[in-house]
Structure formats: structure tokens, C-alpha cells
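# What the coordinates show
Listed below, chain by chain, are the residues.
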Amino acid sequence: MHCYRSLSKIHAMTFDLDDTLYDNWPVICALEHKVHQWLQLQHPASHLMTMQDWLELKIKLAQQDPSLRNDVSLWREVQLTTGFKLLGYSEASAKQATEEAMSLVSIYRNQIDIPAVTHTVMQKLSKKIPLIAITNGNVDAEKIGLSGYFEQVYRAGSDGRAKPHADLFQRAQQHLSLPAHHILHVGDHLKTDVFGAKTNGFQACWFNDKQRQISNEKVKVLPDIEISSLSELLPFISTSL
């Protein structure tokens, strides 16, 4: 653990999900490959588009409409529908194909192995202080076995704009009815999590299990603490209340 500044008493914690409570990158990589394989099998016309083509289309759509970044499910729907239309599908056919693809995405998106240490730590924390999840992703916390630890799960899109915007932080604080400086937000991303938390008055814990050097990162504001294992949070619950 590395402390950058002294912490106020912690009465509650908020958590990012992806790449904080589990390794999300392999999940997304597997999802993209499986969806692409499905597209080529079920929609032969999609052979005209490589995975890179789909990715470039996704980026282009977000450049045209930056608000898509606030809802990753909607962003993918727009990507798929637009792609099908580019392949010659009618509006109705593109919509139907997108719905089928999104059903598949929902299945693969939630095929996640949660580390045992995550369950151990979250169970201990949740018995002592209220916990809330705030995520920019579209994972289903119930399907992956994490929802039981949280009083609420707020997701970008359905519950507001993505972090570092204030929406999800404000919803969490309102639910907790606590001063923001008594809430510790834990996340792996220095912009969306650390900068977002500090901008909204929360204390910020940077989860850094990849041995990244903060001096090499583009940092807008330092976290209050940096940890490499979730278990490093446990000492705080004995002195938080």
C-alpha cells in the first residue's frame, strides 16, 4: 500500500467492477472473438468486415456521437445495426440481427470467474460498512455473483453518464446519505475512478495490481491511497466507524 495523503474516516465504500474486482480484459477479448465467429457463421455477408473493421466503425460512431460512450450497450447496438446496414441489410433485418447478436453478447459478457480473494474481501467489508458498485460497463453483477455484497449497483447508461461525470457518484452519495469525504471509491482507472472520485469529493483508492508506475501515467490528480490487492482494504473497516 502507498499512502499519498491522510484518509478521513471511511463510513462506506464504492467500487468499480471491471478490472477492479476481476480481470475484465480476457472476458472482452473472448466476447469479441466469439461474436465475430457467430457473425460470420450466421450472417455470411459479415465476411466482408474484419474485427478491425468493426472496431474502427465503433470508434467512428463515438466520434460522431460522443454520448455513446456513456452507454456501452447502446454503443454496441448502434455499431451492430450500422454495420449490418453497411452490409446491405434493410432497417428491419438489421434490427433483428442486432437483437440476436446482443443476446449472445449478454451471455458471453457475464462469463466471468471471480477470484476467491474478491469474494472473501467483499464479504468481510459488506458486513461492516455499506458498499455500492458504480460501473461504466454493462456486466450483470447478479449473474456474476457479486450483487449480494452491494446495497446498489449503478451502471452508466441506465443510471447516468459514465465516470468521471458526477452522475453515478452523486447517486451513490445520495443513497448512502453520507458526506462525500467519508466515502472511499476503489477503482483501477486513474481518470474515470480516481479523478472522478476526487472531483466529486470522494476519497480515492487506486487499485493497481499490474505494477504500473504512477510517474509514468497521465495523472490529473493523485489518489489518496494505492493498493495492489483488495485485501489491503480490510484494515480500514476496523477503524472506520
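For the structure itself, consult the block above.
Let us look at the structure shown here. Each chain has its residues counted from 1, running along the sequence as written. Owing to the predicted nature of the model, reporting of local features is limited to residues with pLDDT of at least 70; listing and counting of side-chain atom pairs is limited to 80 or more, with chain, interface and lining totals taken over all residues. Heavy atoms throughout the structure, all of them, feed into the side-chain values; hydrogens and water do not.

## Overview of the pairing of strand S3 (residues 131-135)
Partly exposed describes any residue whose relative accessible area lies between the buried limit of under 20% and the exposed limit of over 50%, with all areas from a 1.4 Å probe on protein chains only and scaled to the type maximum. The helix count covers DSSP runs of H or I at least four residues long, the strand count covers runs of E at least two residues long, and both are numbered beginning at the N terminus. In terms of residue burial, S3 counts as a mostly covered element, since five of its five residues are buried. Judged by which residues are buried, S3 turns out to be covered on both faces: Leu-131, Ala-133 and Thr-135 on one side and Ile-132 and Ile-134 on the other are all buried. Relative to S3, strand S2 (residues 12-15) runs parallel, the two being bridged by three bridges. In the strand pairing of S3, Thr-14 is matched with Ile-132. A pair of strands counts as paired when DSSP detects no fewer than two bridges linking them. Note: S3 against strand S4 (residues 152-155), four bridges, orientation parallel. Opposite Thr-135, over in S4, you have Arg-155 as the bridge partner.

## Remarks on the packing of helix H2 (residues 51-64) against helix H3 (residues 72-86)
Helix axes are fitted only over the stretch in contact, all axes being lines through C-alpha atoms; the angle between N-to-C directions runs from 0 to 180 degrees. Contact geometry of H2 with H3 gives a least axis separation of 10 Å together with a crossing angle of 115 degrees. The hand of the H2/H3 crossing is right-handed. Every residue of H3 that contacts H2 at Trp-54, Leu-55, Leu-57, Lys-58, Leu-61 and Ala-62 is listed here: Trp-75, Val-78, Gln-79, Leu-80, Thr-82, Gly-83, Phe-84 and Leu-86. Side-chain classes follow a simple rule in which Ala, Val, Leu, Ile, Met, Phe, Trp, Tyr, Cys and Pro form the nonpolar group, Asp, Glu, Lys and Arg form the charged group, and the remainder, Gly included, forms the polar group. Considering only residue class, the contact of H2 with H3 consists of 10 nonpolar, three polar and one charged. Each crossing is labelled by how the near helix is turned from the far one, with a counterclockwise turn of less than a right angle marking it left-handed and a clockwise turn marking it right-handed. Should any heavy atoms of two residues lie within 4.5 Å, those residues are considered in contact.

## A look at the environment of Met-13
Secondary-structure assignment places Met-13 in strand S2. Contact partners of Met-13, with chain neighbours within four places excluded, come to Leu-125, Ile-129, Pro-130, Leu-131, Ile-132, Ile-183, Leu-184, Leu-233 and Phe-236.

## Comments concerning the sheet that holds strand S7 (residues 225-227)
Reading across the sheet, the seven strands line up as S1-S7-S6-S5-S2-S3-S4 and stay open at both edges, with mixed pairing between neighbours. The open sheet has two free edges, formed respectively by strand S1 (2-3) and S4, since each of these has just one partner strand. Pairing analysis gives two bridges linking S1 to S7, with the strands arranged antiparallel. Bridge pairing in S7 places His-2 opposite Glu-226. Sitting on the sheet, helix H6 (residues 167-176) touches S2, S3, S4 and strand S5 (183-187), and the angle it makes with S3 is about 165 degrees.

In short, geometric facts, not functional conclusions.
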